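Residue strings, one per chain:
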Amino acid sequence: MTNVRLAFFALYVVLGVIIVARLLGAGLHPEIVPGVILGILFASLGVYRIAQFLRSRAPQ
Amino acid sequence: MSQQRKPELRRAVTPWGSFAWGYSDVGADIFIGLGLVLAYAAGATNVAFLFAGIVYVLIGLAYTELAATYPVAGGGQYFVMRGLGDFFGFIAGWAVLLDFTIDVTLFAWSCVDYLSQLIPVFVSSLHPWVHFSVVFVLIAGLCGLNTLGVRESTAFQSSVSAIDVLSETLILCFGFLFAFDPQLLIHTMQSAWPSPFALMQGVSLAIISFVGLESISQAAQETQRPASVIPRTSIALILTILIFALGYSNLALGMRPWHPIHDAAGHTLAFWQIFPNNGDNQGKGVALLAAQVPYWGLLAQYYVPILGAILLLISSNSGVFGSSRIAYAMSRSRLLPSVFQRVHHKFRTPAVSILTFCALAVVELIFAALPGLDHGARSVYNRLFHGEDGITFLGDLYAFGAATSYSFVFLALIALRLNDPYSPRKFKIPVNVPITYRGARVEFPLIAVLGFIGIASILAFTIITHDIGRVAGPAWLVFGVICYVIYRKNKNLPVFRSQPHDWRNAQTEILRNAGELELMDQYLENLKSAPKAAAK
């Protein structure tokens, strides 16, 4: 279960990176800004959840 | 400290439970918001969601600070009463009550819209009486279940939330990997950019995708160690909801549908074009999008309407439960007549409150459904309200109630920072300016000012762009204020001033009941060092 949860959060990071990469690949237009923010948020949430999860598992 | 009182052992909500509680309420909003915003903001849908989302993050941070500092049920109404006094506490609570009753109708309405994806006889435009009857039965059923005291179990709520988070992530994964075309997104935004008026309309509807933060504070009273748990779960909740809203809106504008969509004349349509002027589609945006996602759509077209309907029904139920709880709390604070405290002798539920607000929800349902049910009514609506359909009418009022109560919450946050700097705040919204106020060092929250400007502008957009919202919303507030004035005068209570409150003892009690004993000691210590005039 631990691995599944970590994999799920890692998926957030990967998806966020893919979204940003694809949008930047289309060229630098103002229209991509909301999408880039989405990608960054996606990746950030993944990192945040992974860190939160690891912290809760760390020995006190 | 008195040793006779013992902490109450009723806090059983875990961190995940706290997240699921909030998610089952706020998570359902995007199921309604997506279609509505696509219909009005068209090529700027993602921008509308981004603007509303930024305001929502600020609201979420404000609620997180307040709920962690004052972990009591009652939410915005309690914070505003404590920060700004009884009168404004009443207005905020009254606006929340409007939202909860709209919540009951809007979510039950949209629940039937989602089911119509699988059961065509529920389509509102084709069978308006069937649609109306099913929504009515759902509201009546929820009213009955709440009167009997039956609630969905926390385990069920948590399971639905977990399945939905998984499902939405998979839809976005498949969508962004196999159907998303960045060039199409850019083209759609350039070619279908809306007028400023339509964009304002879109932003005002986008905020409904983020309504329900009351649940953070509702959960606070039943959460273990709320001051520590609430900030953690809230931040995850806020980010998750924001990501889904931004994800769906970007995907909807830039996706190539798996199955080509054609209009009546045989022209190929972009996905977002199926929403304008189509109330049926607006009510089930996520189900339509999920069905157009390659591969996963094969499965999603069947389960998303059901999952959406369940989530929407849970949210509708939280409207019934929440309205009766807020009315009960307001009645105990002598903001509403004591009849709303009356508990059914057998079922021990606030039956009068439940029945009153469900009856109000039915009135709203009739008003929303009337143009579809009667041609005469439709022509009247067309003349007076530019033909707004049922779901838009409900969305208008929902946005109005939320924007009003959230505006007051920001003001209450600022007032509490100034007037109650002694309550320990385990979580503070960032960017604060230290100042001296009435002899005490306080931190003025700049972000709350920004948040207030943001939500006030959304309130202004709602009033400017929604013909029904600008009449019915303020009319609800005026009606409430008249009732409040009559009630307070009858009871010989101050009308615009507050009755005496012992907030110091109340706060000690709140922290003791929450099991936050360290914070309670810190609070008492802070009070000792406070200037006498300020620590009242």
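Residues numbered from 1 in each chain as written. Chains lettered and ligands numbered in written order. Predicted model: local features only at pLDDT ≥ 70, side-chain atom pairs only at ≥ 80, totals over all residues.

Draft legend 1. Quick look at the overall build of chain A. Along the backbone of chain A there are 2 helices and 0 strands. Computed over the C-alpha atoms, the radius of gyration of chain A is 14 Å, more than 25% above the 10 Å expected from 2.2 N^0.38 for a compact globule of 60 residues. For chain A, the C-alpha atoms occupy an extent of roughly 45 × 20 × 10 Å along the three principal directions. Intrachain contacts of chain A at a sequence separation of at least 6 include 61% that bridge at least 24 residues. (Helix = DSSP H or I, 4+ residues; strand = E, 2+ residues; numbered from the N terminus. Rg over C-alpha atoms; globule rule 2.2 N^0.38 Å. Contact = placed C-beta atoms within 7 Å.)

Draft legend 2. Fine view of the interface of chain B and chain A. Listed per partner, the contact involves 22 residues of chain B and 20 residues of chain A. Put simply, the parts of the chain that give the side of chain B that touches chain A at least two residues each are α3 (45-69), α7 (154-179), α8 (182-191) and α11 (226-254) of chain B. Ranked by residue count, the leading element in the side of chain B that touches chain A is α11 of chain B, at 9 residues. A class-by-class count of the residues in the side of chain B that touches chain A yields 14 nonpolar, 7 polar and 1 charged. (Nonpolar A, V, L, I, M, F, W, Y, C, P; charged D, E, K, R; others polar.)

Draft legend 3. Inspection of helix α14 (residues 296-332) of chain B at higher detail. All names here are of chain B. Here α14 spans 50 Å end to end across 37 residues, near enough to the 54 Å set by a 1.5 Å rise per residue. The largest bend along α14 measures about 40 degrees and falls at Tyr-302, with the proline Pro-305 one to four residues further on. One or two steps after α14, the chain reaches Arg-334, where phi turns positive at roughly 60 degrees. (Expected span 1.5 Å × (residues − 1). Bend = angle between axes of the 7 residues up to and from the residue.)

Draft legend 4. Fine view of unusual backbone geometry. All names here are of chain B. A positive phi angle, close to 65 degrees, is found at Tyr-295, a residue other than glycine. Assignment of secondary structure puts Tyr-295 in the loop between α13 (285-291) and α14. Phi is positive for Asn-492, close to 55 degrees, though the residue is something other than glycine.

Draft legend 5. View of the packing of helix α2 (residues 29-41) of chain B against α11 of chain B. Residues and elements named next belong to chain B. Interhelical geometry of α2 versus α11 gives an angle of 40 degrees and a closest axis separation of 11 Å. Of the two elements, α2 crosses α11, and the hand of that crossing is right-handed. Seen from α2, the contacting residues are Ile-30, Leu-34 and Leu-38; seen from α11, they are Phe-244, Ala-245, Tyr-248, Ser-249 and Ala-252. Of the residues contributing to the contact of α2 with α11, the split by class is 7 nonpolar, 1 polar and no charged. (Axes fitted to C-alpha atoms, helices over the stretch in contact; angles between N-to-C directions. Left-handed = near helix turned anticlockwise from the far one by under 90°.)

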